[in-house]
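# Fold and geometry: a report
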Amino acid sequence: MDDLPDNLLCQILSNLSTKEAALTSVLSKRWRYLFALVPNLDFNSFSSQHPETMVQDQTSFIDFVDRVLKLRGEDHVSKFSLKCGDGFEDEDVYPWISNVLRHGVSDLSLHVSSSLVYWLPSKVFVSKTLVRLKIGPEDGPKVKLKNVCLPRLKTLNLDSVVFVEGEIGFAKLLSGCPMLEELSLRNLEWGYWGCCYVASKILKRLTLCCAHCDDNPKSVSFDTPNVVYFKYSDNIAHKYPKVNFNSLVKASIDIRMTNDQKSSVRYVSDDDEEREMVGNATKLLMGICNVKTLYLSYDTLEPSQCSTT
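For the structure given in this document, a descriptive report is provided here. Remember, it's a predicted structure, so these values are computed and weren't measured experimentally.

## Things to note about the pattern of salt bridges
Inspection of the entire model under this criterion finds four salt bridges. Salt-bridge contacts for Asp107 lead to Arg132; the nearest nitrogen and oxygen are separated by 3.2 Å. A residue pair is termed long-range when its members are at least 10 positions apart, and Asp107 in strand β3 (residues 107-111) and Arg132 in strand β4 (residues 132-136) qualify at 25 residues. Using a relative accessible area of 30% as the deciding quantity, one classes Arg132 as partly exposed.

As structure tokens, this is what we get:
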């Protein structure tokens, strides 16, 4: 392998985590700093933490990330993945994020919680180089957007991120992503928003999922005429004012009634037996009637029957 050029060796090392790649530094003088020149950086504090040595492990992890970024100098960063557990501070993480954004990162993945990064740096949403952005997971950081400019972003994955401005902040985010083709939103607590409105003429793949909770979204709308794949899992909304999926090929729908909604369903004695409408599942399902392949969960049939009976 010593006959191979550095750029090819870096390409091989890019298939490993940065910690694994660093193990090659003991092979020879040539390999000593080669791992730091890999364009894809993957840092995972979980892989090195043990309860009995947690503080020491955290300090070692911080020193390792700082060292790698310093060794890279002004080299371009293609992909940066960061996974951090509890015990780290904003002042540890913010410089790392700023560094890779400054060096033109195109693929950014941040696996951080609100106990680590309470506020996500606003500069994450002002980048001319980002093509893919992933932020999560549970108890994700808060976001208050001033300006959004992500002209090249094609894939956006948000999990448990809290928009301080609710639907206004979310709409601002979408308007700043003119090239977005794939959007995945999980557990954003849009049940507390006035409405959740996804509008895009470019979007091709859309995923909206919310774990089981006691609240129902007030209003959910989709104006996404070019989406070909749609996955939706949530409590049924009170209403679906607009549902536009003209190009839909495959859809997976899992909408549920809350316990309160189930208890509110009543039979009304008249000439025929009727049920009180629960949400407006009919309008949602009619809006995707042109889909070629449709998967409906068992729970989905319950609110749809209550809406059509």
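So much for the structure itself; the text now carries on.
## Focus: the environment of Thr224
Mapped onto the elements of the fold, Thr224 is located in the loop between β11 (220-223) and β12 (229-235). Exposure remark for Thr224: the relative accessible area of 0% places this residue in the buried category. What Thr224 contacts, discounting residues up to four positions off in sequence, is Val198, Ser200, Leu203, Asn244 and Phe245.

## With respect to the sheet that holds strand β8 (residues 182-186)
Taken in spatial order, the 10 strands line up as β1-β2-β3-β4-β6-β8-β10-β12-β14-β17 in an open sheet, and their pairing is parallel. The two strands at the open ends of the sheet, each matched to only one other strand, are β1 (40-44) and β17 (293-296). Strand-to-strand, the axes of this sheet are offset by a mean angle of 5 degrees, without reference to chain direction. Sheet analysis places strand β10 (residues 205-209) next to β12, joined by five bridges and oriented parallel. Residue Arg205 lies in a different strand from β12, and its bridge partner there is Tyr229.

What counts and what doesn't
- Residues numbered from 1 in each chain as written.
- Predicted model: local features only at pLDDT ≥ 70, side-chain atom pairs only at ≥ 80, totals over all residues.
- Heavy atoms only, no water.
- Salt bridge = Lys/Arg side-chain N within 4 Å of Asp/Glu carboxyl O.
- Helix = DSSP H or I, 4+ residues; strand = E, 2+ residues; numbered from the N terminus.
- Buried < 20%, exposed > 50% of the residue type's maximum accessible area, 1.4 Å probe, protein only.
- Contact = heavy atoms within 4.5 Å.
- Pairing = 2+ DSSP bridges.
- Axes fitted to C-alpha atoms, helices over the stretch in contact; angles between N-to-C directions.

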